[in-house]
Amino acid sequence: MLQSTARPNSSLDAALLEARERYTAKRPKSAALHSEAAKVLPGGNTRTVLAYTPFPTAMARGEGCLLWDVDDNIYLDLCGEYTAGLFGHSDSRIQAALRDAMARGLSLAAVGEAEQRFARILCGRFPSIDMIRFTNSGTEANVIALSVAQVVTGCSRIIAFRGGYHGSLLYYPATGSNPINAPFPVTLCDYNDIDGTVAAIRSAAGELAAVIVEPMLGSGGCIAANPLFLTAVADATRAAGAILIFDEVMTSRMSAGGMQERLGILPDMTTLGKYIGGGMSFGAFGGRHDIMEIFVSKVPHAGTFNNNVMSMAAGITAMEEVFSAAAAADLFALGEGLREQLNVICEKAGATLQFHGLGSLATVHFRRGGIERPYASTPREEALKELFFFDMLDAGIYLARRGMTALSLPTTKRDLVQFTTAVSDFLDGRAPLLR
Ligand code: PLP
């Protein structure tokens, strides 16, 4: 636990140095694994989001909402596999479904009953999805959805938003650019900017294939869309003859039918991923009949693992038996309560930080006031975020390095006391740095 007496540093640099040293001292096996990994994996990893200095913590196992690292440190898992770990690490119903699927054999190279059952479940849940097809990742789902929009409209331009993340090939950071983005002709707009976005959509009419938007920017800082913004974008997109794509890869957990159901705003196409495959690799895109029917004969869409038996089996059980409408509502409420409590603690401490988000997803921001769109963090904000990360790990809380938390279903209010206590201790111990 953090003790204010153990945090004498008044300088942010000194505090960070000490936090990094403490981190390193507690993780010799993670450090050794990282240096070996770097010989065969560039940067020592195969997933940039897990890479950070001095080296990432390597996990050995998980159970429920707990994780054990290779050095035997134990954590409450609030990273939740960046939202894909909704079911925790050991849901017995999902494990049984996987064992059953394995017993019936892998790699059957054939259609089967499971994929249509899974498709029926998802079409029944998400109001905008009449028909659906599966992929193996959210990235793939988004690349294909955008390509579908181009085929259907006969146009090529895409409108996306600064700070939007639609996958490793469709990443539009708030500042700078991603050198490996897929080569779609993209116009970027500012999130929650109604006038600017509507004007951009209108001026692109005739060449615009699609507008792709997350109903809440996930990686971009858990910044929710103003419903008026989404409605204006939907109206303008339709008036321009283009296709509106909601990327609900992260936000679909906000209710049984995703953010679209919660807001009552329907896109033409929706993309899904993350937790929906019950923890197995998964992605999907779906939408209106008239759009999706291009796959009947006009457009091919193959993919060796699109209907792999593990993802189908785990996904059916996860969505049918585990993540019910009631479970989705309870998780949303748990997250709202947590964020409110955290923000009250921050406010009372007079500290320059807040937790932004919606339902079970939140990100810490080291600034006060409303946040409508992503911003370029100052070096001080970056350093504070790093310090927060190390202090949380030290208090046994595992979260995303960027300060994001994603609650999983096994997490209880009681578990979350550990987090609120760790945040209180951080506010207390680091008070001189947070004013
Ligand atoms: N879309 C959103 C909103 C995401 O948050 C992500 C991943 O974080 C993706 C798409 C890409 O999904 P995947 O990592 O499965 O390719």
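Keep in mind it's a predicted model, so treat the numbers as computed, not measured. (Residues numbered from 1 in each chain as written. Predicted model: local features only at pLDDT ≥ 70, side-chain atom pairs only at ≥ 80, totals over all residues. Heavy atoms only, no water.)

Attention shifts here to the nonpolar core. Of all hydrophobic cores here, the largest spans 85 residues; its most connected members are L353, F388 and F419. Residues from two domains meet in this core; each of domain 1 (1-50) and domain 2 (92-322) gives at least three. The next biggest cluster of nonpolar side chains, apart from the first, holds 26 residues, and it includes A200, I201, A204 and L217. (Core = buried A, V, L, I, M, F, W, Y, C linked by side-chain atoms within 4.5 Å. Buried < 20%, exposed > 50% of the residue type's maximum accessible area, 1.4 Å probe, protein only. Domains from an automatic or database assignment.)

Attention now goes to the packing of aromatic side chains. In total, this model carries 21 aromatic pairs according to the counting rule given. Both rings, one in F366 and one in F388, keep their centres 6.1 Å apart while their planes meet at 70°; by these two values the pair is edge-to-face. Here F388 lies in helix α13 (residues 379-394) and F366 lies in the loop between β16 (361-365) and α13, a separation of 22 residues in the sequence. For the pair F388 and F426, a centre-to-centre distance of 5.1 Å together with 85° between the ring planes defines the contact as edge-to-face. A residue pair is termed long-range when its members are at least 10 positions apart, and F388 in helix α13 and F426 in helix α14 (residues 413-429) qualify at 38 residues. (Phe/Tyr/Trp six-rings, centres within 6.5 Å; stacked < 30°, edge-to-face > 60°. Helix = DSSP H or I, 4+ residues; strand = E, 2+ residues; numbered from the N terminus.)

Further remarks concern the confidence of the model for the chain. Residue-level pLDDT values for the chain average 96, and 98% of them are 70 or greater. In this model residues 1-9 is a low-confidence stretch, pLDDT under 50, and it forms 24 contacts with partners more than four residues away in sequence or in other chains. (pLDDT = per-residue confidence, 0-100. Contact = heavy atoms within 4.5 Å.)

Helix-helix packing: each pair is described by the crossing angle between the helix axes and the interaxial distance. Closest axis-to-axis distance for the helix α1 (residues 12-25)/α13 pair is 10 Å, and the angle between their directions is 35°. Here α1 and α13 pass one another in a crossing that is left-handed. Across from L12, A15, L16, A19, R20, R22 and Y23 in α1, the residues of α13 making contact are R380, A383, L384, E386, L387, F390, D391, L393 and D394. Considering only residue class, the contact of α1 with α13 consists of 10 nonpolar, no polar and six charged. (Axes fitted to C-alpha atoms, helices over the stretch in contact; angles between N-to-C directions. Left-handed = near helix turned anticlockwise from the far one by under 90°. Nonpolar A, V, L, I, M, F, W, Y, C, P; charged D, E, K, R; others polar.)

What the rule picks out here adds up to 21 salt bridges. Linking R238 and D268 is a salt bridge whose minimum nitrogen-to-oxygen distance equals 3.2 Å. You can see R238 sitting in helix α7 (residues 227-239) and its partner D268 sitting in the loop between α8 (258-263) and β13 (269-273), a full 30 residues away along the chain. Among the residues examined, D268 registers a relative accessible area of 4% and is labelled buried. Several salt bridges converge on common partners, so that one network encompasses E18, R22, K26 and D394. (Salt bridge = Lys/Arg side-chain N within 4 Å of Asp/Glu carboxyl O.)

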